[in-house]
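One-letter residues, chain by chain:
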Amino acid sequence: RIIFTIVPMAIFLLPIAIYLADVGATSDEIARNVTVVGLPVGGLAPQDATLVLEAHQSELRQSSGMFTVADRPFDLNPLTIGLTVATDRAVDDAMLARRDGNILSNFTSWLQSFGSILDVPLTISFSEDAIDKALDTWEVAAIDNLAFEGAVTIVDGVVTPEYPAAGEAIDRAPSIAA
């Protein structure tokens, strides 16, 4: 009869013991099957994951984007717009992935880690002013009938209106989003 008590208890406690051993051995690493924008970082120490993301940032900075304005192609170099990647934040988020707080949810996340990938987003930023300057340059170079929004100038104390003129221009918000 004692075997009927010990065997079910062992079956119940074995996965918990394996979980505790695995978590204890890998507490200073990113959990298994965690990626950052598809880059595998699971099982890596934070320093190693940072190196992976810095390499990705270098690749992004080396790949120019091609854009067309009024049927004219323009090249946008990521370095000219100050492209940066928030590697520290992504590594911190990856370290917290599958570590939800309480023992039950952590155990559930650990079980799920064997069959699913958890992807952490990566924040990429750039200088909107630099993009705006590039768009200004492209407008002047590509658009013959450039729109003018109008202005008011003051020269020697005399206010002079400059009236708007119809024409074409780059729609800034969607262009910056692209």
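If you're wondering where the values come from, they're calculated on a predicted model, not measured in any experiment.

### With respect to the overall build of the chain
If you tally the helices and strands in the chain, you get 6 helices and 9 strands. Here the chain has a C-alpha radius of gyration of 28 Å; the compact-globule value for 178 residues is 16 Å, and the former is much larger. By principal-axis analysis of the C-alpha atoms, the chain measures approximately 105 × 30 × 30 Å. Each of the 178 residues in the chain was classed as buried or not, and the buried ones make up 25%. Intrachain contacts of the chain at a sequence separation of at least 6 include 58% that bridge at least 24 residues. Carbon together with sulfur atoms contributes 61% to the accessible area of the chain, which is approximately 11,800 Å² in total. In the chain, which carries 9 positive and 24 negative side-chain charges, the distance between the mean positions of the two groups comes to 14 Å.

### Digging into the environment of I143
Topologically, I143 is positioned in the loop between α5 (128-142) and β8 (151-155). In this structure the C-alpha to C-alpha distance between I143 and D71, which are 72 residues apart in sequence, comes to 9.6 Å. Contacts of I143, omitting those with residues within four sequence positions, involve V69, A70, W138, E168, A169 and I170.

### A closer look at unusual backbone geometry
Positive phi values are uncommon outside glycine, yet V37 reaches one of about 40°. Along the chain, V37 turns up in the loop between β1 (34-36) and β2 (39-40). The class for V37 is partly exposed, based on a relative accessible area of 38%. Residue A70 is not a glycine yet carries a positive backbone phi of 50°. Within the fold, A70 resides in the loop between β3 (65-69) and β4 (72-76). Among the residues examined, A70 registers a relative accessible area of 48% and is labelled partly exposed.

### Digging into the pattern of salt bridges
If you walk through the whole model with that rule in mind, you get 3 salt bridges. Between D132 and R172 there is a salt bridge whose closest N-O contact spans 2.3 Å. Residue D132 is found in helix α5, and its partner R172 is found in helix α6 (residues 172-177); the two are separated by 40 residues along the sequence. The class for D132 is partly exposed, based on a relative accessible area of 30%. Measuring nitrogen to oxygen at the nearest pair gives 2.7 Å for the salt bridge that ties D136 to R172.

Rules used in this analysis
Residues numbered from 1 in each chain as written. Predicted model: local features only at pLDDT ≥ 70, side-chain atom pairs only at ≥ 80, totals over all residues. Heavy atoms only, no water. Helix = DSSP H or I, 4+ residues; strand = E, 2+ residues; numbered from the N terminus. Rg over C-alpha atoms; globule rule 2.2 N^0.38 Å. Buried < 20%, exposed > 50% of the residue type's maximum accessible area, 1.4 Å probe, protein only. Contact = heavy atoms within 4.5 Å. Areas by Shrake-Rupley, 256 points an atom, 1.4 Å probe, with all protein chains shown as cover. Lys, Arg positive; Asp, Glu negative; His and termini not counted. Charge placed at Lys NZ, Arg CZ, Asp CG, Glu CD. Salt bridge = Lys/Arg side-chain N within 4 Å of Asp/Glu carboxyl O.

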